[in-house]
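Topology and contacts: notes
Here are the chains, one letter per residue:
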Amino acid sequence: MTLEALADLKIEIEKNVPGAVVEIITNPSVSAQHSLLIDNAHGLAVAMFLRDAPELKLDYCSNVTGIDWPAREMSEKTKVKKMVEGPDGPVEKDVDEVRKWTTPAYLEVVYHLYSMTLGTGPVILRLRTGDRGENVQVPSFFSVWRSCDLQEREVYDLYGMIFEGHPDLRRLLMWDEFTDWPMRRDYVDPDDYEYEPTAHDDVLKRAKVHYPAAAPTEGNA
Amino acid sequence: MSATAMLPPAAMLLDSEEGSQYLEISMGPHHPSTHGVFRMNVVLDGETVIKLKPVFGYLHRNHEKIAENETYLGSMPYTDRLDYFCSLTNNWGYALAVEKLAGIEVPERAEYIRVITAELTRLQNHASLVGFLMQDMGASGTPLMYAFREREKILDLFEALTGARMMCNYMRFGGCRCDLPAGWLDWAKKVVASFPKFLDEFETLLVGNEIIMARTQGVGVLSRELAISAGITGPMLRASGVNYDLRKVDKYGIYDRFSFRVPLGDHGDVYDRYMMRLLEMRESLKILDQAMKDIPEGPFTDPKTKVRNFRPKPGEAYGRIEAPKGELGYYLISDGSPNPYRYRVRPPSLINLTVLEDMCLGKNVADVVVTLGSIDIVLGEVDR
């Protein structure tokens, strides 16, 4: 979908779903698959509109997936013209200025929508959570597309997003007693393996941490 | 993790409201009809299914996380292990997504090789699926072995081309790993030419069989509306009468050059899904005939694409193909580094299982086995 078509769609959505906040997220890669960021409060209404509008008929939700965006330190170097005190008074000079900022941390869920009736698509929807800790609620599209059933369960299982309105939000691939979210970027493997101390340095190092008591004592062997 | 938590509970009795008792049984994960390690918790009222909950994850190894820590090309051999019956189409889906992400052109000859290998894959997948379905119905051995005999001929072709029968690891970004060896095309033509005879034999053996009709017609019916809403794809969707084949809709690769038809079902039952596979094999043969006649000489891979230190520009892409089991999609996000920031597989087998309970409610336990067999799942892809 081209950017112009997406801008038209954005206007159409805002007209038909009062109060909806829609933002176009551009995709700089060659694929040019741009997407729409929807606010969580109107997510369900927007999804219903996209499915039922006769000229869109996005009746098929192909892919649902999560993405983890932890806070990242970003820095950008820019050349800025500045007045600098020179030997003959102030002179204009190019100075490197480093701008540093931290990106907001959130989890994101992406929906790829197609129309089986019209053969069009994809329209890509994105929803974002408030942060990665407590505010991880997003609306569930289970009632709009049944194909979100297992896929939203998978996103919940691997990322820990809570899909509000999903009737059966359980873990899908991990076992029920598991407590962590394995696909998050900061996930650390639990150290509950039995290490076979093979002759690889990293394995030996981990085995040593894992079996502190079993470490051979000097002169005792 | 507690070891007992992974173990399925034994069959147990549940009290119903009317004072009688329901039987809850755990089918799988080692049940032969579940095609791998798949488990269903089935609640029965007598012989009738009143509840069915699939349990996943026995083969889960977090393929997506592993791919995020791997280079783009490094994930290519691992895609073979998703749907291990159809490694070549898995390769193609991934290559297509990366080509979309990085804007890589694929030379003509490579496109033809891709179509030929993908359609051969479809032939052997559908043939074995029909064999397995018969096996599930109790036709022990014979039809499956007939199918495997033909499948072996195609796997021999794959071995000559890629060095491996099943884990082919053949496609590359912008083409294929190597050119067709000398004499391969004539050999493939011979295999394809002998295939219709097998199909005729197979159909004579099975299509009019009274027991097959009794066991499959009107069983596991999936309505058109539910199929679309639940994102069902592949032969299962078309058996419900929805004309949606990505080879026609997206026309990825060079599929717009071939003339073939998309078979559609009427009733959406197990019999239709089974017939879909038989008819699609005939169409695949048509595509193969045309592709093997027209294949041009030329380079088999894009010479401008770097193999080492491959870093696509930041951005994202979703590429999808019509794999034998349904729509196989790959969603990639690049942040400019040598490994993908996000790598997602859209598994057709898993999503086709969404409606398993809907299709089985009110039927017998024996019908559950047949219905599951007609979905065509491979657990390597379901659990990833």
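Everything in this summary refers to the structure shown in the same document. In this text the structure is predicted, and so the values were computed from the model without any measurement. The numbering scheme is per chain: residues are counted from 1 as the chain's sequence reads. Note on labels: chains are lettered from A, ligands numbered from 1, in written order. In keeping with the model being predicted, local features are shown solely for residues with a pLDDT of at least 70 and side-chain atom pairs are shown and tallied solely at 80 or more, while totals for entire chains, interfaces and linings include all residues. As a rule here, side-chain values cover all heavy atoms of the structure and leave hydrogens and water aside.

The relative placement of two packed helices is expressed as an angle between their axes plus a distance between the axes. Residues and elements named next belong to chain B. Fitted lines through C-alpha atoms give the axes, limited to the stretch in contact for helices. The angle between two N-to-C directions lies from 0 to 180 degrees. A run of DSSP states H or I qualifies as a helix once it reaches four residues; a run of E qualifies as a strand once it reaches two. Both are numbered from the N-terminal end. Look at helix α11 (residues 270-294) against helix α14 (residues 365-375): their axes get within 10 Å of each other, and the N-to-C directions meet at 30°. Between α11 and α14, the crossing angle belongs to the class labelled roughly parallel. Seen along the crossing, α11 lies across α14 with a hand that is left-handed. Each of Val270, Arg273 and Arg277 in α11 lies in contact with α14, whose residues at this interface are Val370, Thr371, Ser374 and Ile375. Should an angle fall under 35 degrees it is called roughly parallel, over 145 degrees roughly antiparallel, and 65 to 115 degrees roughly perpendicular, with every other angle called oblique. A crossing counts as left-handed when the near helix is turned anticlockwise from the far one by less than a right angle, and as right-handed when that turn is clockwise. The criterion used for residue contact is that any of the two residues' heavy atoms lie within 4.5 Å.

In many analyses, interface size is given as the accessible surface area lost on bringing the parts together. Chain A puts 47 residues into the contact, and the matching count from chain B is 48 residues. Carbon and sulfur atoms make up 54% of the area that chain A and chain B hide from each other, which totals about 3,900 Å². Of the charged contacts, one joins Arg146 of chain A and Asp358 of chain B as a salt bridge, the two residues approaching to 3.2 Å between their closest N and O atoms. Whenever two N or O atoms come within 3.5 Å, that pair is a polar contact, provided that in protein one can donate a hydrogen and the other can accept it, and provided that, for residues adjacent in sequence, both atoms are side-chain atoms. Counting every contact that joins chain A to chain B gives 30 residue pairs in polar contact (both at pLDDT 80 or more). A quick way to say it: buried area is the sum, across both parts, of accessible area lost when two parts are put together, with a 1.4 Å probe. When a carboxyl oxygen of Asp or Glu lies within 4 Å of a side-chain nitrogen of Lys or Arg, that pair is called a salt bridge.

As a further point, take the packing of aromatic side chains. Side-chain rings of Phe, Tyr and Trp, where Trp is taken by its six-membered ring, are said to pair if the distance between their centres is within 6.5 Å; with planes under 30 degrees apart they count as stacked, over 60 as edge-to-face, and otherwise as tilted. Summed over the entire model, instances satisfying the criterion amount to 26 aromatic pairs over all chains. Between Tyr60 of chain A and Tyr244 of chain B, the ring centres sit 5.8 Å apart and the planes meet at 80°, which makes this aromatic pair edge-to-face. Taken together, the positions of Tyr60 of chain A in strand β3 (residues 60-69) and Tyr244 of chain B in the loop between α9 (235-239) and α10 (246-249) put the pair across two chains. Burial here depends on accessible area, computed with a 1.4 Å probe over protein chains only, as a share of the maximum for the residue type. Under 20% is buried, over 50% is exposed, and the range in between is partly exposed. Note on Tyr244 of chain B: relative accessible area 2%, which makes it buried. Put simply, the rings of Tyr72, Tyr94, Phe173, Phe310, Tyr330 and Tyr343 of chain B pair up and form one aromatic cluster. We call a charge positioned over a ring when the NZ of a Lys or the CZ of an Arg lies within 6 Å of the ring centre and within 35 degrees of the ring normal. Residue placement shows Arg99 of chain A over the ring face of Trp101 of chain A; its charged tip is 4.4 Å from the ring centre.

We now examine the sheet that holds strand β7 (residues 315-323) of chain B. All names here are of chain B. In spatial order, the strands read β7-β8-β9; together these three strands make up an open sheet with antiparallel pairing. The sheet terminates laterally at β7 and β9 (342-346), the two strands that pair on one side only. In this sheet, adjacent strand axes meet at a mean angle of 10° when their direction is disregarded. Two strands form a pair only when DSSP identifies at least two bridges running between them. When β7 meets strand β8 (residues 326-334), the two strands line up antiparallel, connected through nine bridges. When the bridges of β8 are listed, Gly319 appears paired with Tyr330. On top of the sheet, helix α3 (residues 87-102) reaches β7, β8 and β9; it is set at about 150° to β7, its chief contact.

A pocket, in this scheme, is an open set of points on a 1 Å grid over the protein atoms alone with protein on both sides within 12 Å along at least 5 of 7 lines, while a cavity is a set where a 1.4 Å probe fits but cannot get out; residues line either one if an atom lies within 4 Å of a point. Grid points are joined across faces, edges and corners, and a volume is the space filled by probe spheres set on the points. Put simply, the second largest pocket is a space of about 520 Å³. Together, 22 residues line the second largest pocket, and Ile25, Trp69, Arg72 and Tyr106 of chain A together with Ile333 of chain B are the ones closest to its centre. Looking at the lining of the second largest pocket, the elements with two or more residues in it are β6 (106-114) and β7 (123-128) of chain A together with β7 and β8 of chain B. Each residue gets one of three labels, nonpolar for Ala, Val, Leu, Ile, Met, Phe, Trp, Tyr, Cys and Pro, charged for Asp, Glu, Lys and Arg, and polar for the others, Gly among them. Partitioned by chemical class, the residues of the lining of the second largest pocket number nine nonpolar, seven polar and six charged. Of the residues that make up the lining of the second largest pocket, three or more belong to each of domain 1 (3-70 + 106-181) and domain 2 (71-104) of chain A. These domain boundaries are the output of an automatic or database domain assignment.

By themselves, these figures tell us nothing about what the structure is for.
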